[in-house]
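Next come the chains, spelled out residue by residue.
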Amino acid sequence: MRELLLNEEIYTRVVEELMAGAERFLWIVTADIKDLHVVRGRRAVPLLSVLADLVESGVGVRLIHAKEPGPRFREDFDRFPVLVESDLFERALCPRVHTKAVIADGRRAFVGSPNLTGAGMGAKHADKRNFEAGFLTDEREDVKRLMDWTDELFLGEFCGRCRLRDRCPDPLDGEA
């Protein structure tokens, strides 16, 4: 299956279904990350609340992003100590990341244009959100290639030859 998702379809299929439905692990790669909120019942909660719930239920969450999150995201982050304390939550910063991808359980993946923001993922009002597109897939080879590449990125395989290393705040290969 390869399904084209546009605008608010991204929020429904990726945020509400793919991310929230992860059972073993969830990997997220994004250039920009902001205070994205997810509808839960009659109110909206920070995506970090959803990620914290996943971690508390035993789901490993890996988040790779290119720049420091905005101030509201950082304030929300501090409200979920499990994201700091649990080995199931891993976060890495790589200034070269421009990819936007979500992988759930090694079975399904989304690759597209939106950053992990409300405007990007389609969570904002239709007159305020970005125009975004991407593909959701369960094609085994596509998911495997994306997972392999994401794992190499997270483990710092590209750091040694990176020409931006001198500007990197925390090289992923652990070498300063």
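Further up the page is the structure itself.
Residues numbered from 1 in each chain as written. Predicted model: local features only at pLDDT ≥ 70, side-chain atom pairs only at ≥ 80, totals over all residues. Heavy atoms only, no water.

Enquirer: Just checking my understanding: could you explain the overall build of the protein for this structure?
Expert: Along the backbone of the protein there are six helices and nine strands. Here the C-alpha coordinates of the protein stretch approximately 45 × 35 × 35 Å along the principal axes. Surface summary for the protein: the accessible area is close to 9800 Å², and the carbon and sulfur share equals 47%. Here the protein contributes 27 positive and 32 negative side-chain charges, whose respective centroids are spaced 4 Å apart. (Helix = DSSP H or I, 4+ residues; strand = E, 2+ residues; numbered from the N terminus. Areas by Shrake-Rupley, 256 points an atom, 1.4 Å probe, with all protein chains shown as cover. Lys, Arg positive; Asp, Glu negative; His and termini not counted. Charge placed at Lys NZ, Arg CZ, Asp CG, Glu CD.)

Enquirer: Would you mind going over unusual backbone geometry with me for this structure?
Expert: Glycine aside, negative phi is the norm for most residues, and most peptide bonds take the trans geometry. Positive phi, close to 50°, is recorded for N7, a residue that is not glycine. Looking at the secondary structure, you find N7 in the loop between β1 (2-6) and α1 (8-19). Although it is not a glycine, D105 adopts a positive phi angle of roughly 60°. Within the secondary structure, D105 is located in the loop between β7 (101-104) and β8 (108-112). Of the residues examined, D105 reaches a relative accessible area of 5% and is grouped as buried. (Buried < 20%, exposed > 50% of the residue type's maximum accessible area, 1.4 Å probe, protein only.)

Enquirer: What am I meant to see in the sheet that holds β8 here?
Expert: In space, the seven strands of this open sheet follow the order β1-β9-β8-β7-β2-β5-β6, with mixed pairing throughout. Edge strands, defined here as strands with exactly one partner in the open sheet, are β1 and β6 (89-93). Adjacent strand axes in the sheet meet at a mean angle of 10°, parallel and antiparallel pairs treated alike. The pairing of β8 with strand β9 (residues 133-137) spans four bridges and is antiparallel. (Pairing = 2+ DSSP bridges. Axes fitted to C-alpha atoms, helices over the stretch in contact; angles between N-to-C directions.)

Enquirer: Could you clarify how one ought to interpret the pairing of strand β2 (residues 25-30) in this entry?
Expert: The side chains of a regular strand alternate between the sheet's two faces. Across the six residues that make up β2, a large majority, six, are buried. Side chains F25, W27 and V29 of β2 all project onto a buried face; the interleaved residues L26, I28 and T30 project onto the opposite face, where all are buried too. Judged from the six bridges that link them, β2 and strand β5 (residues 60-65) form a sheet pairing that is parallel. Among the inter-strand pairings, T30 is bridged to a residue of β5, identified as H65.

Enquirer: Sorry, what's going on with the pattern of salt bridges here?
Expert: Evaluation of the coordinates by the stated rule reveals eleven salt bridges. The salt bridge involving R13 is made with E3; its shortest N-O contact spans 2.6 Å. Highlighted residues: R13 in helix α1 and E3 in strand β1, separated in sequence by ten residues. Between R165 and D173 there is a salt bridge whose closest N-O contact spans 2.9 Å. For D173, a relative accessible area of 26% puts it in the partly exposed group. (Salt bridge = Lys/Arg side-chain N within 4 Å of Asp/Glu carboxyl O.)

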